[in-house]
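# Per-entry structural report
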Amino acid sequence: RAVDRPTLLAALTARCYAASVSTDELLATFPIRYETPVAWGEMDAFKHVNNAVYFRYFESARIAYFQALGFDAAEGIGPILHSTSARFRLPLTFPDQVIVGARVRDVGEDRFTMLYRVVSRRLEAVAAEGEGIVVCYDYRAACKAKLPAAIVARIAERDPESAAATEGGSSG
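Heads up: these notes are all about the structure in this document. Per chain, residues are indexed from 1 in the order of the written sequence. Owing to the predicted nature of the model, reporting of local features is limited to residues with pLDDT of at least 70; listing and counting of side-chain atom pairs is limited to 80 or more, with chain, interface and lining totals taken over all residues. Working from all heavy atoms in the structure, the side-chain values ignore hydrogens and water.

### Some details on the packing of aromatic side chains
A ring pair, where both rings are aromatic, is described by two values, the distance of the centres and the angle of the planes. Note the following rule: Under the pairing criterion, centres of Phe, Tyr and Trp rings, with the six-membered ring standing for Trp, must be within 6.5 Å; the plane angle then separates stacked pairs below 30 degrees from edge-to-face pairs above 60, leaving the rest tilted. Put simply, DSSP marks the helices as runs of H or I at least four residues long and the strands as runs of E at least two long, and each gets a number from the N terminus on. Exposure categories follow from relative accessible area, calculated using a 1.4 Å probe and restricted to protein chains: below 20% of the type maximum is buried, above 50% is exposed, and the middle band is partly exposed.
With the rule as written, the count across this model stands at eight aromatic pairs. Between Phe55 and Phe58 the ring centres are 5.6 Å apart and the planes differ by 80 degrees, which places this aromatic pair in the edge-to-face class. Within this pair, Phe55 and its partner Phe58 are both found in helix H3 (residues 51–69), separated by three residues, close to a single helical turn. On the basis of relative accessibility, which here comes to 1%, the residue Phe58 falls in the buried class. On the numbers, 6.0 Å between centres and 85 degrees between planes, the contact of Phe66 with Phe71 is edge-to-face. Owing to a relative accessible area of 7%, Phe66 belongs among the buried residues under this scheme. What makes Phe71 buried here is its relative accessible area of 5%. Taken together, the ring pairs connect Tyr54, Tyr57 and Phe88 into an aromatic cluster.

Everything listed is a geometric property; what it means functionally is a separate question.
Right, dumping it as structure tokens:
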């Protein structure tokens, strides 16, 4: 069976990164996991998933994390994305299934840093990692707001390795 170049490259690179580590081990420190299929239409002219799609994967995992926290703008105070970045490790191709992990690293008075990891089921390896800074925002007053203590406590419960759990959310 013929294998196209991007698929072969991804498989060979995955062998270098995977080192016989399971998907569960790759996502062990990520309390929120979002799973989605790779759609054929997500691939670009280079025959791999377009880089912009990874940011949608991050967004879906971030929203799942917010939902788990009960953090939305229903009361006028909610999260807003300040900035985001990605490190692409392996090309993803159709067909595949990805699991996107989300966790919090640092918690400050009005913000926290989220980490993301995209793992390919087919390659059994990390395809991308990223981070985003999320700021607490008062949508009524159109300005930053202090993170509610209840949200900081829920982050510490859900994500024991976050600064909220170790420092009471006093960093940054």
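Okay, back to it.
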